[in-house]
Amino acid sequence: MEAEHDELFYITEATLEADDDEEDEHVYQEVAVDSASSSDQEEDWDAIVKRVKEKKSQNLNLSVSTTNAPEVTVTQPSEVVDDFVRNFLLRMGMLRTLHCFQTEWYEMAQTGRLRQSADNPSLPDVYSQNRQLDKEVEMTKAEMEHYKEAANIAKQKYVKMKKERDYHRMHHRQSLQEKNKLITDIKRMRKHYSSYEPAMQQLKQKYETATREKMLARLERDKTITELNNLQSTLACLRPLSDNTGRSQPAPVVNAAPRTPAHVPSRYDIADNKPVEPQTVSDTVTTSIIGKTRKEFSFPHNQANPYLSQTLPICAHLTRTGGFKMTHSFQAHDCGISRLCYHPTKPLVVTCSDDHTWKLWNLPGGELLMTGEGHKDWLGGADFHSSGLYLATCSGDGTVKIWDFTKSQCMLTLSEHIQPVWGCSWHSTADVLASASMDHTIRIWDVNGKRCVLTLRGHADSVNSVQFLPYSSVLCSCSADRTVSLWDCRTGLCCHTFYGHEHSCNYAAVNVKVTTPCIVTYM
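Everything numeric here is computed off the predicted structure, so don't read it as measured data. For every chain, the first residue of its written sequence is number 1, and the numbers climb from 1 along that sequence. In view of the model being predicted, local features appear only for residues whose pLDDT reaches at least 70, and side-chain atom pairs are presented and counted only at 80 or more, with totals across whole chains, interfaces and linings using the full set of residues. Heavy atoms throughout the structure, all of them, feed into the side-chain values; hydrogens and water do not.

A few points about the overall build of the chain
Threshold: Put simply, DSSP H or I for four residues or longer makes a helix, DSSP E for two residues or longer makes a strand, and each gets a number counted from the N terminus. Three exposure classes are used, based on accessible area relative to the maximum for each residue type with a 1.4 Å probe and protein chains only: buried under 20%, partly exposed in between, and exposed over 50%. The contact criterion used throughout is that any non-hydrogen atoms of two residues lie within 4.5 Å. Using a 1.4 Å probe, the Shrake-Rupley method yields the accessible areas, and only the shown protein chains count as cover for residues.
On a plain count of helices and strands, the chain comes out with eight helices and 20 strands. A burial count over the chain gives 27% of its 523 residues as buried. Excluding contacts between residues fewer than 6 apart, the proportion of contacts in the chain whose partners are at least 24 apart in sequence is 46%. Total accessible area on the chain stands at roughly 36600 Å², and carbon and sulfur atoms take up 55% of it.

Structure representation (structure tokens):
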């Protein structure tokens, strides 16, 4: 039994017997003594050396004897019976019985009836060992329960992680299958659509050819109608002459086709030096918001540019020494001014500002004549109607407003743009307005019909400026995609695109003499 439990040790007090010749190695502190006693114990130098040698020899013998000495073990004393009984009663919770036992035991010890050697025998070691083993078993069971609980928790986590792993693995496989399926579908669709590309190219060529033929046919029709009208005028002039000469034959009648939308002589008419007569715009008359009468919308034709035969005087500022000089300055707005627009016939100027307003000023004094409020965001541009009675403004709120100076109010709001509008431009001879927006589009508006009749798409970025060529259906636009484009508003096609800018084009201005058009852009 003792051999099976060698790992159990108990700390108790014990005495070790040593030889008489062994000396303690402990270093003791020196205790001061009186000089009288110390003087009696003085020794000579030879005696001190002898004692040192004897001490070295004793230490050497002590080291040899300690190496050969048996190992000292500590034994646990046997537990006495009374302590065993006390521990038993305390462990079982029998406190009253323990109290009675203690009282009677100490009474016997005080009266001398209890002999320490005979009446207090030692308990055999087997009981102590059994009790120690019971404690160890209980502790082992408690640790086992703790580890078992931890193992169950780890098992649950393992099962949960295994399920999550299977779930993610399944979804990963499903994603791979869907990816492979999408790749296959994309390849099949590319192969399928690649077969349509030649057909699309042919259709595009046919469409462009048909559009050109349509445009040429329209021009020829306009030319024919002009010739027919001239013949009618000639016949009308010859009819009185036939009446004066006494001829009774009726004048020849020319069956003229009904007048189509107003014709303005085209470039072919001007080149042939044919007479130009004012034309009406439509047959069915409706009242326009500008106070004129118009037919249902048809884009105006090109007219003769009156500026071609005029020679504009050279500005005095360019000929005098020093060039341009500032003559007047006045405070116009609280915020930055984004655009200026001059009246076509009077010394007036309109300023557009980031404070959501536009103002009409008299020049050169700078007197404020009118203020326009109604936009909900900054103003990007403005343009006067050719009559000078109406003003178009565009704003960051995505709207274009038409203002009537005679009534001092906004007559129309156009709001089909989905992003801010940067600029607008009136046609030279018609109630047609063009607007350029950040949504990459240009819109052509029929002001009388209060609707958008054409949307021009082609720029890859914000369209920053738009300008009609004078007395023409050609429109010039510049964009943040660094290009300048010319559009034929009758066909809705881009006639030409100019490349060369390295940064965004912010504004385009057109020369009034468009025999050789000159377009100025800045970034």
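Focus on helix α3 (residues 81-92)
This is how it is decided: Each residue after the first adds 1.5 Å to the expected span of a helix. As used here, the arc belongs to the directions running from the helix axis to the C-beta atoms.
If you check α3, its first and last C-alpha atoms are 16 Å apart, about what twelve residues at 1.5 Å a residue would give, namely 16 Å. Among the residues of α3, D82, R86 and L89 are the ones counted as buried. Viewed along the axis of α3, the buried residues span an arc of 70°, placing them on a single side of the element. Summarising the contacts, the buried residues of α3 are in contact with α4 (95-111). Trailing α3 by a residue or two, G93 shows a phi angle of about 80°, which is positive.

Some words on α4
The first and last C-alpha atoms of α4 sit 24 Å apart over 17 residues, in line with the 24 Å expected at 1.5 Å per residue. At the C-terminal side of α4, G112 shows a positive phi close to 85°.

Regarding the sheet that holds strand β5 (residues 357-362)
For clarity, the threshold we go by: In this description, strands pair whenever DSSP reports at least two bridges between them. Interaxial angles span 0 to 180 degrees and are taken between N-to-C directions of axes, which are lines fitted to C-alpha atoms, for helices over the stretch in contact.
In space, the four strands of this open sheet follow the order β3-β4-β5-β6, with antiparallel pairing throughout. Single-partner strands in this sheet number two, and they are β3 (337-342) and β6 (367-373). The mean inter-strand angle of the sheet, taken between neighbouring strand axes irrespective of direction, is 20°. Sheet analysis places β5 next to β6, joined by six bridges and oriented antiparallel. Looking at the pairing, W361 lines up with L368 of β6.

Quick notes on the pattern of salt bridges
Cut-off, in case you're wondering: Each salt bridge in this description consists of a side-chain nitrogen of Lys or Arg and a carboxyl oxygen of Asp or Glu lying within 4 Å of one another.
Summed over all chains, the structure comprises six salt bridges. The partner of R165 in a salt bridge is D166, with the nearest N and O atoms 3.1 Å apart. Where R188 meets D185, a salt bridge forms, and the shortest distance between an N and an O atom there is 2.7 Å. One end of the pair is R188 and the other is D185, both in helix α5 (residues 125-194) and three residues apart, which spans about a single turn.

Here we look at the side chain of D439
The criterion, for reference: In this tally, Lys and Arg are treated as positive and Asp and Glu as negative; His is ignored, and so are the chain termini. In protein, a polar contact means a hydrogen-donor-capable atom and an acceptor-capable atom, both N or O and within 3.5 Å, with residues adjacent in sequence counting only if both atoms are side-chain atoms; elsewhere, any N or O pair within 3.5 Å suffices.
Along the polypeptide, D439 turns up in the loop between β12 (432-437) and β13 (441-446). At 4.8 Å, R443 is the nearest oppositely charged side chain to D439, a buried residue that forms no salt bridge. A polar side-chain atom of D439 sits 3.2 Å from a polar atom in the side chain of H417. Within the structure, the side chain of D439 is placed 2.6 Å from the side chain of T441, a separation counted as a polar contact. With residues near it in sequence (within four places) discarded, D439 still touches H417, I418 and Q419.

Overview of the packing of aromatic side chains
Quick note on the threshold: Aromatic contacts are taken between Phe, Tyr and Trp rings whose centres are within 6.5 Å, Trp giving its six-membered ring; a plane angle under 30 degrees counts as stacked, one over 60 as edge-to-face, and the others as tilted.
Inspection of every chain in the model, using the stated rule, returns seven aromatic pairs. On the basis of an interplanar angle of 80° and a centroid distance of 6.1 Å, the ring pair of W358 and F405 is categorised as edge-to-face. With W358 in strand β5 and F405 in the loop between β9 (400-404) and β10 (409-414), the pair connects residues that are 47 residues apart, well separated along the chain. Look at F405 and you get buried, because its relative accessible area is 15%. Of the aromatic side chains, those joined through ring pairs into one cluster are W358, F384, W403 and F405.

Focus: the pairing of β12
Both faces of the sheet carry side chains from a regular strand, because those side chains alternate between them. Of all six residues in β12, six are buried, a share of seventy percent or more. Here β12 shows a buried face lined by V432, A434 and A436 and a second buried face lined by L433, S435 and S437. Bridging between strand β11 (residues 421-426) and β12 involves five bridges; their strand directions are antiparallel. Residue pairing in the sheet places G423 in a bridge with A436 of β12.

Let's talk about a nonpolar patch on the surface
Convention followed: Residues enter a patch when their relative accessible area is above 30% and they make no salt bridge; the linking distance is 9 Å between like charges and 5 Å between nonpolar side chains (Val, Leu, Ile, Met, Phe, Trp, Tyr).
A cluster of nonpolar side chains, M189, Y193, Y196, M200 and L203, forms an exposed patch at the surface whose accessible area comes to about 550 Å². With respect to the element layout, L203 can be found in helix α6 (residues 197-244).

Observations regarding the confidence of the model for the chain
Parts of the model with low pLDDT should not have their predicted coordinates read in detail. Let me state the cut-off plainly: The predictor reports its confidence for every residue as pLDDT, a score running from 0 up to 100.
When pLDDT is averaged along the chain, the result is 76; 68% of the residues meet or exceed 70. Low pLDDT, under 50, characterises residues 246-288; the predicted model gives this stretch 76 contacts beyond four residues in sequence or across chains.

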